[in-house]
Amino acid sequence: MTPANARLARLRGGIAPVEVGARGIESVARNTGCVRLRAIVIAGLTPTEIIKHVFGMQPDIMSPFAMTLSQAYERRLLDNGGSSLLTAYREKQMLTQLEVKVSSVANHAPGGSSFAQHQRVLETQRLVDLKLRGDPLAPNLILNPRLPLMLVGVTHPIELDYLVASDRDPFYRVGVIKSYADRGGKTDKSDIRAALREAAVGTLALGQHIVSRGGDQAFAGDRVDMVLRAPGSFIPRLFPANRAESELASLTRALSAAPADLDHVERLVPANTSFADRAVIDQLPNNYRSNCKEHCALWEHCRAQALSAGLPIILGDQASEQLAAAGSIARVIDLLDGSGRPPDNPAEASLASDLRAASALLDRIANG
Ligand code: SF4
């Protein structure tokens, strides 16, 4: 075990590590202000594992129907040598009839053993290196590639859906497959952003690989591909070469924010304790937001903490912004009815006057 892995094992306090994957790393960028989530992910755990092993509860899981649909759709696109995926790329004229070189990394070394996982990393790196060298034998599609992503000095392996490049493309783009139905402008924008950010995690890993071979990280580019599903069918809808500059920037920002190294994570944990201790999780600074429910299994716990602390975020994001000067719901009530100490500063004074004006307006509307 490397020294960094030994330190991580100590932090986990006996809970087995899990692969947080591109999705887990992407979730960190959804709440950049949350030290709790970042520390848990850096330690090689997920909020779901914390809920199970530390809180002894059953986490929310994807509905069995949604999970089956997602797995079946992914299999449909990646099985049979990725033939459905190839067809989708041909139809969009992103690959020609002659660009049919497909390599399945999962088939090269199937299974969950450490040996098979390591072989998949080596095979992915070998295939990517072919493209880096401009070798005409480089595949056009690499299915289920596995790459290491270095995060605060610790390697997190990530398995992606696929990489794609035509023979004339200088390098690969990362592709992500989602079983969401494509409803045009009505497709949930936050789902789309999350999918692009998940693919962008792969772009970061590709960039690190290029650097490890002496190249420039920027060669990994800033475009990612996304495949959704036509409503009511398994027909793929390909959205190629989406700009992912802002997703890459938000990921880079999120991953470089504190705790940005293992020393810092360790300083968050009191001596002789670990993340297996509920009190340690409770005292990690968090940043509950109304969208936490969409991506983090700890949302009920963090919401309960926000409620007991009387934080305005409980009333929603907009209320939280507007009541920020007061800092707590109790203080908002003080300012509204003048029962507590007078406003501490001009921001509180302005909020107190806005609250009273809103209350008077509400009275007029309610009482005529
Ligand atoms: S639910 Fe809690 S731990 Fe998860 S992102 Fe939100 S505040 Fe952070």
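Our subject is the structure that appears above.
Please read all numbers here as calculations on a predicted model, not as lab measurements. (Residues numbered from 1 in each chain as written. Predicted model: local features only at pLDDT ≥ 70, side-chain atom pairs only at ≥ 80, totals over all residues. Heavy atoms only, no water.)

S.K.: So what exactly am I meant to see when it comes to the sheet that holds strand β7 (residues 223–229) here?
M.R.: The strands making up a sheet associate through backbone hydrogen bonding, with each pair oriented either parallel or antiparallel. Overall, mixed pairing links the six strands, which are arranged β1-β2-β5-β6-β7-β8 in an open sheet. The open sheet terminates on both sides in strands that have one partner only, identified here as β1 (102–104) and β8 (236–243). This sheet shows a mean twist of 25° between the axes of neighbouring strands, independent of strand direction. Note that strand β6 (residues 173–181) and β7 share five bridges and pair parallel. Note that in β7 the partner of Gly 175 across the bridge is Asp 225. (Pairing = 2+ DSSP bridges. Helix = DSSP H or I, 4+ residues; strand = E, 2+ residues; numbered from the N terminus. Axes fitted to C-alpha atoms, helices over the stretch in contact; angles between N-to-C directions.)

S.K.: Honestly, the layout of surface pockets in this entry has me stumped. Any pointers?
M.R.: The method is simple in principle: a probe with the dimensions of a water molecule rolls over the atoms, and the space it marks as empty is what remains. Here the second largest pocket is characterised by a volume of approximately 420 Å³. In this structure, the second largest pocket is lined by 17 residues; those nearest its centre are Asn 5, Pro 17, Val 154, Thr 155 and Pro 157. Among the secondary structure elements, those contributing two or more residues to the lining of the second largest pocket are α1 (3–12) and β4 (154–159). Shared between two domains, the lining of the second largest pocket holds at least three residues of each, these being domain 1 (3–60 + 258–287) and domain 2 (64–246). (1 Å grid on protein atoms, 1.4 Å probe; cavity = no way out; pocket = protein on both sides within 12 Å on 5 of 7 lines; lining within 4 Å. Points joined across faces, edges and corners; volume = space filled by probe spheres on them. Domains from an automatic or database assignment.)

S.K.: Teacher, can you tell me more about the site of the ligand here?
M.R.: Looking at the ligand, there are 13 residues lining it, with Cys 34, Cys 292, Cys 296, Trp 299 and Cys 302 nearest. Assessed atom by atom at 2 Å from the grid points, the ligand resides in the largest cavity. Of all the secondary-structure elements, those providing two or more residues to the shell around the ligand are α3 (35–42), α12 (292–295) and α13 (299–308). Taken together, the residues that form the shell around the ligand break down as eight nonpolar, four polar and one charged. (Near = heavy atom within 4 Å. Sits in = over half its atoms within 2 Å of the grid points. Nonpolar A, V, L, I, M, F, W, Y, C, P; charged D, E, K, R; others polar.)

S.K.: Is there a simple way to explain the environment of Ser 113 in this structure?
M.R.: With respect to the helices, strands and loops of the structure, Ser 113 is situated in the loop between α6 (105–108) and α7 (114–132). Each C-alpha atom of the pair Ser 113 and Gly 24 lies 21 Å from the other, and the pair is 89 residues apart in sequence.

S.K.: Any chance you could explain the pattern of salt bridges here in plain terms?
M.R.: Side-chain pairs of opposite charge can arise where the charged atoms are in close proximity. Taken as a whole, this structure holds 25 salt bridges when the rule is applied. Between Arg 126 and Glu 123 there is a salt bridge, and its shortest N-O distance comes to 3.0 Å. Residue Arg 126 and its partner Glu 123 are both found in helix α7; the two are separated by three residues, about one turn of the helix. Using a relative accessible area of 43% as the deciding quantity, one classes Arg 126 as partly exposed. Notably, a salt bridge pairs Arg 213 with Asp 129, separated by 3.0 Å at the nearest N-O pair. With Arg 213 in the loop between α8 (189–212) and β7 and Asp 129 in helix α7, this pair connects stretches of sequence that are 84 residues apart. Exposure remark for Asp 129: the relative accessible area of 12% places this residue in the buried category. (Salt bridge = Lys/Arg side-chain N within 4 Å of Asp/Glu carboxyl O. Buried < 20%, exposed > 50% of the residue type's maximum accessible area, 1.4 Å probe, protein only.)

S.K.: Where do I start with helix α9 (residues 245–256) in this structure?
M.R.: Along an α-helix, residues three or four positions apart point the same way, because every turn accommodates 3.6 residues. With twelve residues, α9 should cover 16 Å at 1.5 Å per step; its first-to-last C-alpha distance of 16 Å lies within 8% of that length. Among all positions in α9, only Glu 247, Leu 248, Ser 250, Leu 251, Ala 254 and Leu 255 are buried. For α9, the arc enclosing every buried residue in end-on projection is 165°, short of the 170-degree limit, so these residues lie on one face. Away from its buried face by more than 90 degrees, α9 exposes Arg 253 and Ser 256. (Expected span 1.5 Å × (residues − 1). Arc of directions from axis to C-beta.)

S.K.: Explanation requested: the pairing of β4 in the structure shown.
M.R.: Remark: a regular strand shows side chains that alternate across the two faces of the sheet. Residues Val 154, His 156 and Ile 158 of β4 are buried on one face, while the alternating residues Thr 155, Pro 157 and Glu 159, pointing to the opposite face, are not. Strand direction decides the pairing type here: strand β3 (residues 146–151) and β4, joined by six bridges, are antiparallel. Within β4, the residue paired with Leu 147 across the bridge is Ile 158. Connecting β3 to the next strand, β4, in antiparallel fashion are two residues, including Val 152 with a positive phi near 40°.

S.K.: What should I look at first to understand unusual backbone geometry in this one?
M.R.: In most cases, non-glycine residues show a negative phi, while peptide bonds are predominantly trans. The phi dihedral of Asn 80 is positive, around 55°, even though this residue is not glycine. Position of Asn 80 among the secondary structure elements: in helix α5 (residues 64–91). If you check the backbone angles, Asn 144 has positive phi at about 50° while not being a glycine. Along the chain, Asn 144 turns up in the loop between β2 (141–143) and β3.

S.K.: Sorry if this is basic, but what is going on with the side chain of Asn 140 here?
M.R.: Within the element layout of this structure, Asn 140 appears in the loop between α7 and β2. Polar contacts involving the side chain of Asn 140 include one to the side chain of Asp 167, which spans 2.8 Å. Setting aside chain neighbours within four positions, we find Asn 140 in contact with Leu 95, Glu 99, Val 100, Lys 101, Leu 163, Val 164, Ala 165, Ser 166, Asp 167 and Tyr 172. (Polar contact = N/O pair within 3.5 Å; in protein donor to acceptor, adjacent residues only side chain to side chain. Contact = heavy atoms within 4.5 Å.)

S.K.: How should I be thinking about α1 in this particular structure?
M.R.: Considered for burial, the residues of α1 that qualify are Leu 8, Leu 11 and Arg 12. The arc that holds every buried residue of α1, seen down its axis, measures 95°, which confines them to one face. Turned more than 90 degrees away from the buried face of α1, the exposed residues are Pro 3 and Arg 10. Looking at the packing, one finds that the buried side of α1 touches α3, β4 and α10 (262–267). Gly 13 lies just past α1 and shows a positive phi near 60°.

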